[in-house]
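# Breakdown of the fold
Read off the chains here:
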There are 2 protein chains.
Amino acid sequence: MFFEGSEKKVEIQWQKESLFSLPESFWREMVQASGAQILSSLQNRKLHAYLLSESSLFVWDDRLTMITCGQTQLINAIQFFVETQGRDFISSLIYERKNEYFPYFQKTHFFEDLSVLQRLIPGRALQFGQSDDHHLFLFHTQSPDFHPRMDDRTLEVLMYGLKPEVACLFSQPSTKEDIRQKLKPILESFELDDYFFDPSGYSLNALRGHEYLTIHVTPQEESPYISFECNALNHEDNSYWVRLLIQVFEPQSYDVIIFDPEQEVFLNAEPGYTQKDSVFDELKGAQYKVSYRHFFKANHEVQKAKEVRREFYE
Amino acid sequence: MFFEGSEKKVEIQWQKESLFSLPESFWREMVQASGAQILSSLQNRKLHAYLLSESSLFVWDDRLTMITCGQTQLINAIQFFVETQGRDFISSLIYERKNEYFPYFQKTHFFEDLSVLQRLIPGRALQFGQSDDHHLFLFHTQSPDFHPRMDDRTLEVLMYGLKPEVACLFSQPSTKEDIRQKLKPILESFELDDYFFDPSGYSLNALRGHEYLTIHVTPQEESPYISFECNALNHEDNSYWVRLLIQVFEPQSYDVIIFDPEQEVFLNAEPGYTQKDSVFDELKGAQYKVSYRHFFKANHEVQKAKEVRREFYE
């Protein structure tokens, strides 16, 4: 079975009464609107984290981040939120959509999502990266009065192409414990909620106060993909997480996306990798600076072609 | 206006009465079935070449090659041919489809085409290259009795990302004469038929006996693309055409696909380029060997994000 790991993501900042005052049933409905389900949840005083059948939802007092993959329609969850809660108290809405492995199996494409967004809450859309290569579509609202906090930084590391031993770790007969053991260097000091899909695939939410970290793994041969995202960026070194992840997963290529309230974030290629693309831009009116980079490891061996599996056309 | 330059291609080898005996109206209907039109034609005793509103059709006594781009459905033209002429005299049918800039704007995807092909004339499907990067889908029939001639070699060079001066050359106020002047080193000794689209875009068929060469240019900023294909491969040096093309067009990246009846064809990266991917396989039962390579020129400068144009979502 093929599976689309590439994600859509929305981040909404909210300036009315606390999002914690919304009942559990609201979040269940919002998640269902996208076509996903809540599998489990984990919470502390500052942050509620929901593990979904397709990725994750994080809710803070004044903010939410929802990430979905597969054939979900995150745009419908956004529409549900805006139509039930109103758009007047949204101080910032940022919607991202990564290029997909199987764009033709998606229910909508980014431009369709964009036309819905522009009706709901007008904004501006950008593309980071080339259309014939890895790229990220991004929509953002523009509110001159909105200013992110100085520590409001987010890191996304999207890894493509997995070595057989890494793919195997995330498929049966591996267990959750095997996986947690492998991820140990990454997960120290976080509280965990994770799910191992049958027969393969893995999702994890991890919390530490208001900080989150989330990992989603699609080990399937047709679309090998691991995504990592977190806002725990208080390290001196911008490369801290990237280095750790690349050492653990050794992907064929990876993209790094960093949101920072102040500046462009520089990153060197990890050893053995080459930078192929680098884009930086300011989200004018959303006050974030976004750095996008695509790195890859050259494969000098000649490969065989892959036979197209019957399930794709029968 | 955005335009999808990436092509679909079919090559049919035919062992009944000459394809030249089919009337002009047959080819017009076949081209129309795909959604394209014949713009002009050029012919000699061995080869008839049609320039199409979306790419080209070449007809020999015992063979045809049809290439279409944009939003055409080449699969419908194949269906028209097989249903009107019968499948019993087809000794080989090879269908290729390159990854697209805008896959979600296509009327079908490769797997849908494949399911039509498998009903019309069963065969085998392969993928050259990674799904998250440049790649080629290829379908071929399997007939153990079929053996290509030893000189039956085809070269495709697909170039992505154009420098502004190259893109300008293929847009008004340039003229056909400006373009032919630039292409002179490539076109020596060929007879030409070319078309300059308004306001931009260029197509060319060139003939020399049974040999053809065809170039199609999409200079549009959203999907800059030049394709080159020919069967004029009697040079000592496999790199002859590639070197010439890269010198003339200096693309950001390029793919090379070579069909050879005998062997894998090795190619070095042109100066300034890096090989990113290399795939070789045999079309078992079609007796061709296919070498696929993807090269790119690293861009060390940080780019700005591209604003998404309204025509994409309004």
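Worth saying up front: this structure is predicted, and the values here are computed from it rather than measured.

Take the packing of helix 2 (residues 74-85) of chain B against helix 3 (residues 110-120) of chain B next. All names here are of chain B. In the contact formed by helix 2 and helix 3, the axes pass within 10 Å of each other and the chain directions differ by 5 degrees. With respect to helix 3, the element helix 2 is oriented roughly parallel. Contacts between helix 2 and helix 3 involve Ile75, Ile78, Gln79, Val82 and Glu83 from the first element and Asp113, Val116, Leu117 and Leu120 from the second. For the contact of helix 2 with helix 3, the per-class residue count stands at 6 nonpolar, 1 polar and 2 charged.

In this section: the sheet that holds strand 9 (residues 154-160) of chain A. Residues and elements named next belong to chain A. Across the sheet, 8 strands lie side by side as 10-11-12-13-9-14-16-15; this open sheet has antiparallel pairing. With one partner strand each, in any of the chains shown, strand 10 (191-196) and strand 15 (274-283) form the two edges of the open sheet. With direction set aside, neighbouring strand axes in the sheet form an average angle of 10 degrees. Pairing between strand 10 and strand 11 (residues 202-208): 6 bridges, direction antiparallel. For Glu191, the partnering residue across the bridge sits in strand 11 and is Leu207. Along the sheet, helix 5 (residues 176-187) contacts strand 10, strand 11, strand 12 (211-218) and strand 13 (225-230); its crossing angle with strand 10, the most-contacted strand, is approximately 140 degrees. Where helix 6 (residues 240-249) meets the sheet, it contacts strand 9, strand 12, strand 13 and strand 14 (253-260), and its direction lies at approximately 20 degrees from that of strand 9.

Mapping chain B onto chain A calls for a rotation angle of 180 degrees and an axial translation of 0.0 Å; the resulting RMSD is 0.0 Å. Read as a symmetry element, the transformation amounts to a two-fold axis. A share of 100% of the interface residues of chain B reappears at the interface of chain A, consistent with the copies meeting face to face through the same patch.

Moving on, we come to the sheet that holds strand 16 (residues 288-296) of chain B. Residues and elements named next belong to chain B. As summarised here, the arrangement of the 8 strands in space is 10-11-12-13-9-14-16-15, forming an open sheet in which the pairing is antiparallel. Whereas interior strands pair on both sides, the edge strands pair on one side only; in this sheet they are strand 10 (191-196) and strand 15 (274-283). Taking the axes of each pair of neighbouring strands and ignoring which way they run, one obtains an average angle of 10 degrees across the sheet. Bridge count for strand 15 against strand 16 is 9 bridges, and the pairing is antiparallel.

Turning to empty space enclosed by the protein, a few remarks are in order. Under the counting rule described, the total for this entry stands at 6 cavities of 30 Å³ or more. Taken as a whole, the largest cavity spans an internal volume of roughly 400 Å³. Of all elements in the fold, only strand 6 (90-98) of chain A together with strand 6 (90-98) of chain B reach the threshold of two or more residues within the lining of the largest cavity. Looking at the lining of the largest cavity residue by residue, the class counts come to 10 nonpolar, 9 polar and 10 charged.

So, about unusual backbone geometry. Cis geometry marks the peptide bond from A:Asp198 to A:Pro199, where omega comes out at 5 degrees. Structurally, A:Pro199 is set in the loop between strand 10 and strand 11. Despite not being glycine, B:Glu250 shows a phi value in the positive range, around 40 degrees. Structurally, the position occupied by B:Glu250 is in the loop between helix 6 (240-249) and strand 14 (253-260).

Checked against the element boundaries, A:His294 lands in strand 16 (residues 288-296). For A:His294, the contacting residues outside a window of four places in its chain are A:Asp133, A:His134, A:Ser253, A:Tyr254, A:Asp255, A:Thr274, A:Gln275, A:Lys276, A:Asp277 and B:Lys276.

All names here are of chain A. An ideal rise of 1.5 Å per residue puts 16 Å on 12 residues; helix 5 reaches only 14 Å between its terminal C-alpha atoms. Residues Ile179, Leu183, Ile186 and Leu187 constitute the buried set of helix 5. Looking straight down helix 5, one finds that the buried residues subtend no more than 70 degrees of arc, so they occupy a single side. In helix 5, the exposed positions that point more than 90 degrees away from the buried face belong to Glu177, Gln181 and Lys184. Backbone geometry just after helix 5 places Ser189 at a positive phi near 75 degrees.

Rules behind the numbers
Residues numbered from 1 in each chain as written. Chains lettered and ligands numbered in written order. Predicted model: local features only at pLDDT ≥ 70, side-chain atom pairs only at ≥ 80, totals over all residues. Heavy atoms only, no water. Axes fitted to C-alpha atoms, helices over the stretch in contact; angles between N-to-C directions. Helix = DSSP H or I, 4+ residues; strand = E, 2+ residues; numbered from the N terminus. Parallel < 35°, antiparallel > 145°, perpendicular 65-115°, else oblique. Contact = heavy atoms within 4.5 Å. Nonpolar A, V, L, I, M, F, W, Y, C, P; charged D, E, K, R; others polar. Pairing = 2+ DSSP bridges. Least-squares fit on C-alpha atoms with pLDDT ≥ 70 in both. 1 Å grid on protein atoms, 1.4 Å probe; cavity = no way out; pocket = protein on both sides within 12 Å on 5 of 7 lines; lining within 4 Å. Points joined across faces, edges and corners; volume = space filled by probe spheres on them. Expected span 1.5 Å × (residues − 1). Buried < 20%, exposed > 50% of the residue type's maximum accessible area, 1.4 Å probe, protein only. Arc of directions from axis to C-beta.

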